[in-house]
Every structure is written in C-alpha cells, then in structure tokens.
Amino acid sequence: MVSAMMRLTSRVQPLGCVLALCFMSLILWDVPGAWALDNGLAMTPTMGWLHWERFMCNTDCHEEPDSCVSEKLFMQMADLMVSDGWKAVGYKYVCIDDCWMARRRDSKGRLQADPKRFPSGIRHLANYVHSKGLKLGIYADVGKKTCAGYPGSFGYYDIDAKTFADWGVDLLKFDGCYCDSVQQLADGYKHMSLALNKTGRSIVYSCEWPLYMWPFHKPNYTEIRQYCNHWRNFGDVYDSWQSVKSILDWTSSNQKTLVSAAGPGGWNDPDMLVIGNFGLSWDQQITQMALWAIMAAPLLMSNDLRHISLQAKTLLQNKDVIAINQDPLGKQGYLLRKEDNFAVWERPLSNLAWAVAMVNLQEIGGPRSYTMNIASLGLGVACNPACHITELLPVKTKLGFYEWTSYLKTQINPTGTVLLQLERIQSTT
C-alpha cells in the first residue's frame with residue numbers, strides 16, 4: 001500500500017507490468033566493475049537459505065514449535081546445510097528475515113532478539129552457524145518500523161551496524177517499510193551502507209531500495225550499485241506459478257535497465273527460490289531454477305530443509321546449473337525473444353560459452369515442439385562456426401555437435417523449461 005507517509009510494504013505485489021522488451025543491441029557488455037560497492041563481497045551471486053516465504057512471521061512457538069521463527073529453526077537449518085550437502089555446493093548463508101526482534105530496544109538503544117524465541121541471543125547463534133563453516137544473515141528496516149511492526153533502524157543506523165558487527169553477522173537484508181519520504185529512504189540506505197563498512201566487518205548488504213522507489217520514479221541503479229551488494233526490484237515471491245511468472249515478466253520488461261546494472265559485487269535480486277514447497281509443479285520448479293541461473297540471481301532458498309523431496313533437493317543442488325548462476329564473468333542474462341507462447345532467454349558465460357533457456361509459456365495441453373535457429377543465439381557468435389550443446393535441464397543430455405547454420409528441435413512441457421549450455425568450437429584455420 002502506498003500512502004502519503006510512504007508506508008510501503010514488500011509483502012505486497014506491485015500492480016501491473018509493461019510488455020516484455022526484446023532487445024539485443026541495448027545490452028552494455030563492458031559495464032565496469034569499479035563502480036560496484038567496494039567491500040569485496042558478493043563477487044558471484046549470494047547463495048543460502050532465508051526463512052520468510054516458508055515460515056513468514058510465525059512467532060507462536062507454543063502451538064507450532066517446529067515452524068516458529070526461533071533460534072532452534074536456524075540451528076536446525078545450519079545443521080542440515082552441512083549434513084545434507086547444501087554447503088558443499090555453495091549455499092553458505094543462513095538468513096533470518098523479519099520477526100526475530102524484541103518489541104523494544106535495550107536501555108542503550110540497541111536492537112535485541114526476542115528473549116523467548118532466541119534465548120541465547122544472536123551472537124550465540126552466529127557462533128553456532130560459524131562453527132559449521134556457514135555465515136549468518138539478519139534483517140532490519142531503513143524506516144521507523146519493520147514491515148511486521150518491529151523496531152526500525154531510522155535514527156539508529158550506526159548503532160545497529162555496530163551491533164550486527166559485534167554479533168558476528170555476515171549479511172544484512174535491509175527492508176524499506178515506514179519511511180516518510182523517498183529522500184529519507186535513499187539517505188537511510190546510503191547511511192547504513194557506510195555504517196556497515198565503517199565497522200570493519202565484511203557484511204553483505206542486501207537492499208530493497210529500488211523496490212520502494214519504483215512507485216515514485218525510476219531508480220538510479222548506478223547509485224544503488226555503489227551502496228548495495230544486491231537489491232530487490234519487485235514484490236515478494238509467493239509459492240505459486242503466477243508469482244514466479246510475474247517476476248519473470250517484470251524483469252524482462254525492464255531488462256534494458258536491469259541487465260547493465262548487474263555484475264560482480266552487485267546483483268538484481270528477483271527474490272527467493274520456492275522450490276521444494278507446495279505451489280509449483282515439477283516443470284515450474286525447473287523453470288524457476290533455470291531462469292534464476294540465467295538472471296545471475298542470488299540463490300536464497302525459502303523451504304523446509306527437514307522435509308524436502310529428493311527430487312527438489314537434486315534440482316537445487318544441480319552443480320551444472322549452479323555453475324551457470326555463479327559464472328565468474330558475472331553477466332546477467334536476458335529475454336532474447338518471445339514467439340508462439342515460447343520465451344527464449346540467454347546468458348553469456350566465461351570461455352565464450354552461453355546458457356540458453358527455452359520456456360513453454362502455454363498453460364494448457366501437452367508438450368510442444370520448438371525449433372530454434374542456432375545462428376540466432378548469443379549475438380550470432382555463440383555457435384560460430386560450431387559448438388557442442390548440452391541439455392542441463394530437465395535431464396542432463398549431451399546433444400552433440402552443431403554448426404552455425406544448424407537448427408535445434410526440442411520438446412518442452414507446459415510452463416516448463418529446457419536449459420542448454422553451448423560451448424563454442426573455435427576455428428583452427
């Protein structure tokens with residue numbers, strides 16, 4: 001809801017999307033890394049686990065002890081991230097979202113954890129997470145209150161930054177509710193960035209600055225990138241295909257602005273992975289994983305690692321797809337074209353390779369065939385003069401050798417995706 005007091009909440013989806021843009025020549029391939037936030041962090045997209053979408057603001061530990069926001073929940077997730085192989089494939093951050101705080105600050109003006117749900121305190125939780133070789137993320141808000149009504153950081157930026165550093169926090173998700181003006185919002189995000197750096201501790205800074213700017217004017221991504229390691233642009237993801245689809249539509253519609261802003265040290269954040277929950281079909285889960293890799297998005301799962309299917313776990317831990325997401329070239333992918341209810345996305349990778357995702361947007365009927373001209377991919381050079389193509393999703397399959405003049409035909413399930421990797425064969429002449 002947008003009011004005169006700018007009491008916005010990221011828990012509400014913005015209304016409407018403009019039509020998707022198809023572009024080729026508008027991508028700035030040589031965006032310099034020097035203008036990113038200079039803290040040496042998030043050189044590839046952040047990977048981890050975040051509680052919000054799955055566990056929300058459940059504070060009733062009496063009735064629901066296994067699903068309330070408590071130190072027990074985060075310690076269990078940390079244990080599983082090590083024992084079940086998540087850490088080994090790159091998921092390193094265990095992140096707390098809203099509703100962890102006590103309702104009031106302490107006598108010295110510092111934030112404090114709810115004493116019943118976090119009886120040992122955040123410093124103890126951070127030590128526990130660190131003992132597992134993982135990192136701890138925490139949540140706060142730039143305004144007077146968090147989106148759920150807990151104490152905000154307005155007027156306390158330096159104190160809160162020092163508190164988080166003293167506790168051993170490694171990532172801050174900084175929301176944007178309850179600000180009185182756009183200027184206050186922008187100033188608050190900048191102030192907290194500088195305050196975090198001043199602590200001397202390495203803390204990834206996850207902003208929601210542009211999300212709250214879009215209703216008023218187009219954000220300045222050059223400025224945002226100077227202060228933030230990643231930033232939310234669109235409303236919260238829900239456990240539904242409609243939600244995932246709306247994020248993809250909005251991102252492609254604004255890709256002329258977004259793609260050039262992303263790179264090592266600063267990333268567009270389309271929000272959490274909801275794979276392994278209840279609302280997405282198997283094909284839709286494949287689509288989310290594939291497209292988040294193409295978009296160079298932070299991979300922050302929000303699910304219950306205690307009760308996740310082997311199928312969902314295997315998808316989330318797919319090393320080939322993670323490698324695309326974490327590719328060191330650090331170029332965000334984009335929508336190449338839409339035609340006949342298919343969407344084709346592509347992303348440049350290191351060593352002249354490319355990733356290509358073909359999405360069947362149709363939500364009725366069965367699998368459909370799609371034929372693609374190889375010469376149309378990767379600005380015309382992905383397969384010039386030839387390439388090896390491997391299907392990574394749904395099932396890893398070596399498709400073989402393709403020349404620049406070839407065509408590739410594949411079958412794609414409704415709302416599903418086929419993800420390919422193209423490895424160019426350079427001419428020896």
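These numbers were taken from a predicted model, which means no experiment stands behind them.

### Quick notes on the packing of helix α8 (residues 241-253) against helix α10 (residues 282-294)
Where α8 meets α10, the closest approach of the two axes is 11 Å, and the angle between their N-to-C directions is 25°. Between α8 and α10, the angle falls in the class roughly parallel. The element α8 and its partner α10 pack so that their crossing is left-handed. Touching W241, V244, I247 and L248 of α8 are Q284, T287, Q288, L291 and W292, all from α10. By residue class, the composition of the contact of α8 with α10 is six nonpolar, three polar and no charged.

### Some remarks on the environment of H307
With respect to the secondary-structure elements, H307 resides in the loop between β8 (299-301) and α11 (310-316). Residues H307 and N277, spaced 30 residues apart in sequence, show a C-alpha to C-alpha distance of 9.2 Å.

### With respect to the side chain of N360
Note on placement: N360 falls in strand β11 (residues 354-360). You can call N360 buried: its relative accessible area is 0%. In terms of polar contacts, N360 uses its side chain to reach the backbone carbonyl oxygen of I412, at 3.0 Å. At a separation of 3.4 Å, a polar atom in the side chain of N360 contacts the main-chain carbonyl oxygen of N413. Those residues in contact with N360 that sit more than four places away from it in its chain are N341, F342, G366, R368, I412, N413, P414, T415 and G416.

### Quick look at the packing of helix α4 (residues 157-167) against helix α5 (residues 182-198)
Interhelical geometry of α4 versus α5 gives an angle of 40° and a closest axis separation of 9 Å. Of the possible angle classes, the one that applies to α4 and α5 is oblique. Handedness of the α4/α5 crossing: right-handed. Across from Y157, D158, D160 and A161 in α4, the residues of α5 making contact are G188, H191, M192, A195, L196 and K198. Among the residues making up the contact of α4 with α5, the classes are represented as five nonpolar, two polar and three charged.

Analysis parameters
- Residues numbered from 1 in each chain as written.
- Predicted model: local features only at pLDDT ≥ 70, side-chain atom pairs only at ≥ 80, totals over all residues.
- Heavy atoms only, no water.
- Axes fitted to C-alpha atoms, helices over the stretch in contact; angles between N-to-C directions.
- Helix = DSSP H or I, 4+ residues; strand = E, 2+ residues; numbered from the N terminus.
- Parallel < 35°, antiparallel > 145°, perpendicular 65-115°, else oblique.
- Left-handed = near helix turned anticlockwise from the far one by under 90°.
- Contact = heavy atoms within 4.5 Å.
- Nonpolar A, V, L, I, M, F, W, Y, C, P; charged D, E, K, R; others polar.
- Buried < 20%, exposed > 50% of the residue type's maximum accessible area, 1.4 Å probe, protein only.
- Polar contact = N/O pair within 3.5 Å; in protein donor to acceptor, adjacent residues only side chain to side chain.

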